Amino acid sequence: MDEIRILLKAQVLCCEDKMSNLVHITCGCDLISDVLAFTMPGALLLTGLTNSQVIRTAEILDLMGIVFVRDKMPDEQTIAMARESGIPLLCSPFPLYESCGILYARGLRGCVDIK
C-alpha cells in the first residue's frame, strides 16, 4: 500500500502500520450498491464516499483499505471506526478516474478483471 500512497500522492489517515501490506486488486466506486456488487474481499476501494457506511461496507467485504479521492476527507467518527476495524484510510487529491488509471497503468487490476 505504501507504493499506492506514493503514486496517488495520498495522505494516510489511519492504520499506518498496515502500509506495508500488498494490494493485488482495486475497485473504484461512488455507489455503495456497486461496491457490494462488484468489489471482492481483499480489494482496495477508491471512492468519493466519506460516510460511515463505506467503513461498514469495507468490514463486510473484508477490504484491504480505502482511498478517498478528490481530496475528500471523512469526519473524525468515520476515521475512528476505520481505526477500530483496522482498515487503512488514505486521501488522494486525484479524481476517481485518474486514480484508477494510475494504478491500472502500474499493473493493478480491477475486481472485474480477476473474476
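These lines cover the structure that appears in this document, whether it is placed above or below. (Residues numbered from 1 in each chain as written. Predicted model: local features only at pLDDT ≥ 70, side-chain atom pairs only at ≥ 80, totals over all residues. Heavy atoms only, no water.)

**As for the state of the cysteines**
This is how the line gets drawn: Our working definition of a disulfide is a cysteine sulfur pair at a distance within 2.5 Å. Under the scheme applied here, a residue whose accessible area is under 20% of the maximum for its type counts as buried, over 50% as exposed, and between as partly exposed, the area being computed with a 1.4 Å probe on protein chains only.
For the structure shown, the criterion picks out 0 disulfides. A disulfide-free cysteine, C27 has its sulfur positioned 3.5 Å from the sulfur of C29, the nearest such atom. Since its relative accessible area comes to 10%, C27 is described here as buried. There is no disulfide at C111, and the cysteine sulfur nearest it, in C27, is 4.4 Å away.

**Describing the pairing of strand β4 (residues 65–68)**
Our working rule: Each helix corresponds to a stretch of at least 4 residues labelled H or I by DSSP, and each strand to a stretch of at least 2 residues labelled E; elements are numbered beginning at the N terminus. If DSSP finds at least two bridges between two strands, the strands pair. Here, the term right-handed applies to a crossover whose path from the first strand over the helix to the second runs clockwise when the strands point away from the viewer.
Residues G65 and V67 point to one face of β4 and I66 and F68 to the other, with burial holding for every one of them. Both strand β3 (residues 44–47) and β4 contribute to a ladder of 4 bridges, which runs parallel. Across the sheet, the residue bridging to L44 is G65, located in β4. The β-α-β motif built from β3, the intervening helix α3 (residues 52–61) and the parallel element β4 has right-handed crossover chirality. Across 3 bridges, β4 lies against strand β5 (residues 89–91) in parallel orientation. Across the sheet, V67 pairs through a bridge with L90, a residue of β5.

**Structural notes on the sheet that holds β4**
Whether parallel or antiparallel, the strands of a sheet pair through hydrogen bonds between backbone atoms. This is how it is decided: We call two residues in contact whenever any of their non-hydrogen atoms come within 4.5 Å of each other. To get an axis, a line is fitted to the C-alpha atoms, and for a helix only the part in contact is used. The angle between two axes follows their N-to-C directions and goes from 0 to 180 degrees.
Spatial strand order, β1-β5-β4-β3-β2-β6: 6 strands in an open sheet with mixed pairing. Edge strands, defined here as strands with exactly one partner in the open sheet, are β1 (11–14) and β6 (109–110). Helix α4 (residues 76–85) rests against β1 and β5 of the sheet, and its axis sits at about 75° to β1. Each of β2 (25–28), β3 and β6 touches helix α5 (residues 96–105); the most contacted strand, β3, lies at about 150° to it.

**Quick notes on the side chain of T57**
Note that T57 resides in helix α3. A relative accessible area of 7% places T57 in the buried class.

**Here we look at the pattern of salt bridges**
Here is the rule we go by: Salt bridges, as used here, are contacts in which a Lys or Arg side-chain nitrogen is within 4 Å of a carboxyl oxygen on Asp or Glu.
Here the structure, examined in full by the defined rule, presents 4 salt bridges. In this structure, E3 and R106 form a salt bridge, with 2.9 Å as the shortest nitrogen-oxygen distance. Of this pair, E3 sits in helix α1 (residues 2–7) while R106 sits in the loop between α5 and β6; the two residues are 103 residues apart in sequence, bridging distant segments of the chain. Judged by relative accessible area, E3 falls into the partly exposed class, the value being 46%. One salt bridge in this structure joins R70 and D30, with 3.3 Å as the shortest N-O distance. Of this pair, R70 sits in the loop between β4 and α4 while D30 sits in the loop between β2 and α2 (32–38); the two residues are 40 residues apart in sequence, bridging distant segments of the chain. Classification of R70 as partly exposed rests on a relative accessible area of 37%. Assessed through its relative accessible area of 31%, D30 is described here as partly exposed.

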